Amino acid sequence: MKKLINAPDKVVDEALAGMAAAHGNLIKVHTDPNFITRADAPVPGKVAIVSGGGSGHEPMHGGFVGRGMLDAACPGAMFTSPTPDQMLAATKAVNGGAGVLHIVKNYTGDVMNFEMAADLAKEERIAVNAVVTDDDVAVQDSLYTAGRRGVGGTVLAEKICGGAAEAGADLDAVTSLCREVNASVRSMGVALSACTVPHVGKPGFTLADDEIEFGIGIHGEPGRKRLKHASADTLAEMLMEPVLSDLPFTRGDHALLFVNGMGGTPLIELYVLFRKAHEIASKHGVTISRSLVGSYITSLEMAGASISLLRLNETMVKYWDAPVVTPALRWGA
Amino acid sequence: MKKLINAPDKVVDEALAGMAAAHGNLIKVHTDPNFITRADAPVPGKVAIVSGGGSGHEPMHGGFVGRGMLDAACPGAMFTSPTPDQMLAATKAVNGGAGVLHIVKNYTGDVMNFEMAADLAKEERIAVNAVVTDDDVAVQDSLYTAGRRGVGGTVLAEKICGGAAEAGADLDAVTSLCREVNASVRSMGVALSACTVPHVGKPGFTLADDEIEFGIGIHGEPGRKRLKHASADTLAEMLMEPVLSDLPFTRGDHALLFVNGMGGTPLIELYVLFRKAHEIASKHGVTISRSLVGSYITSLEMAGASISLLRLNETMVKYWDAPVVTPALRWGA
Amino acid sequence: MASQLGIGELADWLGRAATRYAAGQGYLCDLDAAIGDGDHGANLARGFTAVVAKIGTPASPGAMLKSSGMVLISTVGGASGPLYGTLFVDMGKMAGDAPLLDKDAWTDLLKAGLAGVMARGKAQPGDKTMIDALDPAVAAFAAAPNLGTGLAAAAQAAAAGAAATVPMIARKGRASYLGERAIGHQDPGATSLAWLLEALAQAAG
Amino acid sequence: MASQLGIGELADWLGRAATRYAAGQGYLCDLDAAIGDGDHGANLARGFTAVVAKIGTPASPGAMLKSSGMVLISTVGGASGPLYGTLFVDMGKMAGDAPLLDKDAWTDLLKAGLAGVMARGKAQPGDKTMIDALDPAVAAFAAAPNLGTGLAAAAQAAAAGAAATVPMIARKGRASYLGERAIGHQDPGATSLAWLLEALAQAAG
Ligand SMILES: Nc1ncnc2c1ncn2[C@@H]1O[C@H](COP(=O)(O)OP(=O)(O)O)[C@@H](O)[C@H]1O
Ligand SMILES: Nc1ncnc2c1ncn2[C@@H]1O[C@H](COP(=O)(O)OP(=O)(O)O)[C@@H](O)[C@H]1O
Ligand SMILES: [Mg+2]
Ligand SMILES: [Mg+2]
Ligand SMILES: [Mg+2]
Ligand SMILES: [Mg+2]
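Residue numbering note: each chain is counted from 1, following its sequence as written. Lettering of chains starts at A and numbering of ligands starts at 1, both following the order in which they are written. Confidence filtering applies because this is a predicted model: local features only for residues at pLDDT of at least 70, side-chain atom pairs given and counted only at 80 or more, and all residues used for totals across whole chains, interfaces and linings. Calculated side-chain values reflect all of the structure's heavy atoms, with hydrogen atoms and water omitted.

Asker: Can you lay out the overall build of chain A for me, pointing to particular residues and giving the numbers?
Answerer: Secondary structure elements are defined from DSSP: runs of H or I of at least 4 residues count as helices, runs of E of at least 2 residues count as strands, and each element is numbered from the N terminus. Each helix and strand counted, chain A has eight helices and 14 strands in total. For the radius of gyration, the atoms used are the C-alpha atoms, and the globule rule reads 2.2 Å times the number of residues raised to 0.38. What you see for chain A is a C-alpha radius of gyration of 19 Å, in line with the 20 Å of a compact globule of 333 residues. Projecting the C-alpha coordinates of chain A onto the three principal axes gives extents of approximately 50 × 50 × 40 Å. Out of the 333 residues in chain A, the part that is buried amounts to 66%. At a minimum sequence separation of 6, the contacts of chain A that also span at least 24 residues come to 73%. Only the protein chains shown count as covering a residue, and every accessible area follows the Shrake-Rupley method with a 1.4 Å probe. Of the roughly 10,000 Å² of accessible surface on chain A, a fraction of 49% belongs to carbon and sulfur atoms. For the purpose of charge, His is not counted, nor are the chain termini; Lys and Arg are scored as positive and Asp and Glu as negative. Positions of charges follow a simple convention, taking NZ of Lys, CZ of Arg, CG of Asp or CD of Glu. Counting 29 positive and 37 negative side-chain charges, chain A places the centres of these two groups 3 Å from one another. To sort residues, take the accessible area from a 1.4 Å probe on protein chains only and compare it with the maximum for the residue type: under 20% means buried, over 50% means exposed, and anything in between is partly exposed. Any two residues having at least one pair of non-hydrogen atoms within 4.5 Å are treated as being in contact.

Quick look at the structure:
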């Protein structure tokens, strides 16, 4: 294992210190427990949005804290959901009196820890709603699984809801917008290589030179199946097919296409994938009216990519386009 | 070699098509010859800035095209400088009548190809100045080398000069500002792994699990020396020492600290490195008043990082903070 | 072998568990890497180290169990944090202020803990989770004649239950994403739970 | 073996060079990977393939050389693009409109090409560049009694010059960044230049 770190158990804290040093104008990093708030939190009268999850997915979620997106993010240990005390402290710190929305990716640990935090916050009379995102079509949502995972769609939900909250929408409105975004987005990912969790010291799985893991999540775990590697165009077809058919997307839909890198894949390859995904969407009659390309929700240094497709309506477009000022996403202001 | 591509000789063109599909509101992609211009080029009366270089360094330079930064970028083949016809076509396309600045990284090929293009542009009566960036302290600038390489400082020069050009500075002013930025910035990089150029199909070098290449450029080549891997803090010391002493930076300086990923290193590790680099600068009496953290000038999927430190003056701060609207750098508008 | 356990034995138990998780975290992480995300051992090692560091001198076994559970909740994270935390908190609540816990008390404690974990995680036996170790352990304990034999039987049943997860398809937690690919791997949470009960049996004498 | 070469032989030369670079690009890239950035073979393969594709039917050897140089300039990129391009353009300029080029003409052409490459790249013999193949080749050609022996001698001298770059430290191009680490590796540009002259000797007879 070769990494730019000092010690496995220091990575998260030191990276947080680095974020504080780099982005002091945008965010504030709190320790013990760890959480990140926007520099001007709490914003009185504004619905606050709190998210969080294991570390190792950077820039998610800490990089999305700032005006127009998240009010707070709670980073857990590497690939490990944060603990309720973090979410409770963050919720209290950013509560501006208009209630707090927890955006939680659907993983057993995240859901349970956020639930416990919400219970505690409610005991302190803070209005908390929670939306659990589950946009990953690789997993069947059934009694036989923990349900679909929250993946790339979460980033889009956080941006759009952040825009709405900034514009003054109330807690119920932001909550139902979040549900709507989650219900309108589907994602699918592929890994070309595994990643190494620092304290584990070796890759989560091993792939031969001609193998890929298809239907991966974001925790370096194997995917739904191991397949032969294929061209970018073929992979784009394989990723887009279940994404398009699940919602389903139909002729005339307008959509946001998000091609996300898993951390170790260079941007040039993401654009190669975007090109084909865009073409496939167009052939399907779906107009791509907004785009996002880059490594925004990652699995450490894993090579690979995921595709998320969000059916847009006017409200979503409006809040997607709204100003956002965070370390990782920034426009319009 | 496992990549998200279709064929080695199609990567550049297909990635350009992907960029066009993703960022049609910001940029325009031209083919035959390949170059990217900002969507509203030419901007009448504004000094235009053209840069370019081999592909494989994304988002540099194509991702920096847009309002407040580059007017055009010319992507060469993978790690191969572009050809004069590209720079000539780009120069003509963005010339708004106030002259064109070529920002050229100091590599034999880039310099010669840009020179030929400038000669041709001058024959067509376009005023062209060129600034060659050479901020890499790993190389000794002497009669015995091709001179220092242009690396991370180039990104900073392009942003700052883009701000000045947008604000109406004339060609000579933008040119001398570019020289000043280049003269005020020093950089140094380290690789933890090699990268694989698609048409080569195998890594440029092989490192044992405990080895690093120190003093690398951005073309996947080996660095100045092969060393034992060390902690992030030690590497930060090793990178910062020559950077600080070369300029030299002195007590009381204000500086921009840019921690750059080489493409395959996750953001969380860059923040770990940033933390220590920031601390070292502070101990040296250098105040870090601006920061940039991310993978902006890369070597495909190489793992590693570079550190650039730019001594700031008021003009540079003003134009660094000025609005920029490009696919990869965006703020203030 | 005592017929009742007090805070001394409980502290010993937690210390043994912490040592066991610290030493065996690599193994647990490997199990988790195969069907999860590879952090289970690190999570528990971090959590139980914190429990031991913060244990102090609580007034009663119940207080000790509750505060240990709170420490686990705030240090473990992941799925196992709330689950292990709930296990301890709910055992602690059931223990009340009693200075010493006998066989009957432990039967109630373990049942309360099991109920708490099942309520929190909504897993059933056969879902390939820690429940597959805890549920048979509680039954074996309840059926045993006394505390000593009960704890030994519980540890054995938990170990057997963990081993029995190998051929299962998971229906809860991360392993459920893998469908049939989870077959052939032992559940990390069931394994760590068996270790916890083994440590308890050892601490009891 | 003819005593003069016209556009037929030149087209044959360029075709042979293109074939050679296409087949040997892996080898040249490997040389470049060791002390540069691994693209030299791909650069020249791309460039000479384009030259052959665009060659058409130029009016004279000079026109053919010039237009080939322009194609190289606009397709090769990197350091070798302007250098190989200049070599051909400057040879073409020297050739003027002559329909056939004899030994003396070739001496002038090669000298002009060498001068052009040296002016463009500012490298001297011993800097571990293509000049180390080209410079001795031009000298060997000039010293030979006729065209046939001259081209053979030039090819041999270029190959020897390329081999002689192995122990050199580079002072130009990317390899110069490596300092002493460049020792022990043959320069890719010198190698490709030797291949070019070998193809010329073959095309001539
Ligand atoms: N719903 C659940 N109910 C009971 N136990 C569960 C549940 N989900 C997961 N587990 C247990 O948690 C273990 C994984 O814990 P851990 O790796 O620490 O958390 P995470 O899965 O969040 O990384 C699994 O092996 C399983 O035994
Ligand atoms: N200044 C120079 N003068 C002459 N030849 C040079 C010079 N710089 C580089 N070269 C030649 O160019 C070759 C490298 O070409 P190539 O790999 O195609 O370009 P790049 O170095 O830009 O990737 C070197 O092997 C060397 O022979
Ligand atoms: Mg986890
Ligand atoms: Mg090159
Ligand atoms: Mg786990
Ligand atoms: Mg090269």
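Asker: Residue-level account of the interface of chain C and chain A, with values.
Answerer: Across the contact, 33 residues belong to chain C and 37 residues belong to chain A. Summed over both sides, the interface of chain C with chain A buries roughly 2,600 Å², with 54% coming from carbon and sulfur. Just to be clear on terms, a salt bridge is a Lys or Arg side-chain nitrogen sitting within 4 Å of an Asp or Glu carboxyl oxygen. The interface formed by chain C and chain A holds three salt bridges in total. Polar contact is the term for a pair of N or O atoms within 3.5 Å; when the atoms are in protein, one must be able to donate a hydrogen and the other to accept it, and sequence-neighboring residues count only if both atoms are side-chain atoms. Along the contact surface separating chain C from chain A lie 12 residue pairs in polar contact (both at pLDDT 80 or more). Contributions of two or more residues to the side of chain C that touches chain A are made by α1 (7-35), α2 (40-54), α3 (61-75), α4 (80-95) and α5 (103-121) of chain C. When residue character is reported, Ala, Val, Leu, Ile, Met, Phe, Trp, Tyr, Cys and Pro are called nonpolar, Asp, Glu, Lys and Arg charged, and the others, Gly included, polar. Residues that form the side of chain C that touches chain A fall into these classes: 12 nonpolar, 12 polar and nine charged. When two components associate, each loses some accessible surface as probed by a 1.4 Å sphere; the sum of these losses over both components is called the buried area.

Asker: Please give an account of unusual backbone geometry that cites residues and values.
Answerer: Residue and element names in this part refer to chain A. For the bond running from Met60 to His61, omega is -10 degrees, close enough to zero to count as cis. Here His61 is to be found in the loop between β3 (48-55) and β4 (72-78). The residue Asp32 is not glycine, and still its phi comes out positive at about 50 degrees. The topology assignment puts Asp32 in the loop between β1 (27-30) and β2 (35-38). One non-glycine residue with positive phi stands out, namely Arg125, at about 65 degrees. Tracing the backbone through its elements, the reader meets Arg125 in the loop between α3 (108-123) and β6 (128-133).

Asker: Please give an account of the site of ligand 1 that cites residues and values.
Answerer: Close to ligand 1 lie 21 residues, the nearest being C:His40, C:Ala79, C:Ser80, C:Gly121 and C:Asp187. Put simply, a residue is near a molecule or strand once any heavy atom of it comes within 4 Å of that molecule or strand. More than a single chain frames ligand 1: its nearby residues are located in chains A and C. Interatomic distance of 2.9 Å between a side-chain N/O atom of C:Asp37 and an oxygen atom of ligand 1. Measuring from an oxygen atom of ligand 1, one finds a side-chain N or O atom of C:Asn43 at 2.9 Å. Notes on ligand 1: free accessible area 570 Å², of which the protein chains cover 96%.

Asker: Describe in detail the coordination of the magnesium ion (ligand 3), supporting the description with residues and values.
Answerer: Around the magnesium ion (ligand 3), the protein contributes the donor atoms A:Phe79 (O), C:Asp37 (OD) and C:Asp39 (OD), which lie 2.0 to 2.4 Å from the metal centre. Between the two metals, the magnesium ion (ligand 3) and the magnesium ion (ligand 5), the spacing is 3.5 Å, and C:Asp37 donates to both. Of this pair, A:Phe79 sits in the loop between β4 and α2 (84-94) while C:Asp37 sits in the loop between α1 and α2, each in a different chain. For C:Asp37, a relative accessible area of 4% translates into the label buried. Each metal's donors are the N, O and S atoms within 2.8 Å of it, or within 3.2 Å when it is Na, K or Ca, and because water is not part of the set, sites may look incomplete.

Asker: Describe the coordination of the magnesium ion (ligand 6), listing the residues and the values that go with them.
Answerer: All names here are of chain D. The protein atoms donating to the magnesium ion (ligand 6) are Asp32 (OD), Asp37 (OD) and Asp39 (OD), with metal-donor distances spanning 2.0 to 2.1 Å. Expressed as a motif, the donor residue spacing for the magnesium ion (ligand 6) is D-x4-D-x1-D. Taken as a pair, the magnesium ion (ligand 6) and the magnesium ion (ligand 4) show a spacing of 3.5 Å, with Asp37 coordinating each metal. The same class applies to Asp32 and to Asp37, which are both buried.

Asker: Would you mind going over the sheet that holds strand β7 (residues 185-191) of chain A in detail, with residue names and values included?
Answerer: Residue and element names in this part refer to chain A. Between any two strands, at least two bridges found by DSSP are needed for them to pair. Ordered by their spatial adjacency, six strands build an open sheet running β9-β8-β7-β12-β10-β11, and the pairing between neighbours is mixed. Single-partner strands in this sheet number two, and they are β9 (225-228) and β11 (287-294). Pairs of neighbouring strands in the sheet enclose a mean axial angle of 20 degrees, with direction left out of account. Pairing analysis gives two bridges linking β7 to strand β8 (residues 211-214), with the strands arranged antiparallel. Each residue of the ladder has a partner; that of Val190, found in β8, is Phe214. Against the sheet, helix α8 (residues 314-321) engages β10 (254-261), β11 and β12 (304-311), with an angle of about 35 degrees to β11. Working convention: axes come from line fits to C-alpha atoms, limited for helices to the stretch in contact. Angles between N-to-C directions cover 0 to 180 degrees.

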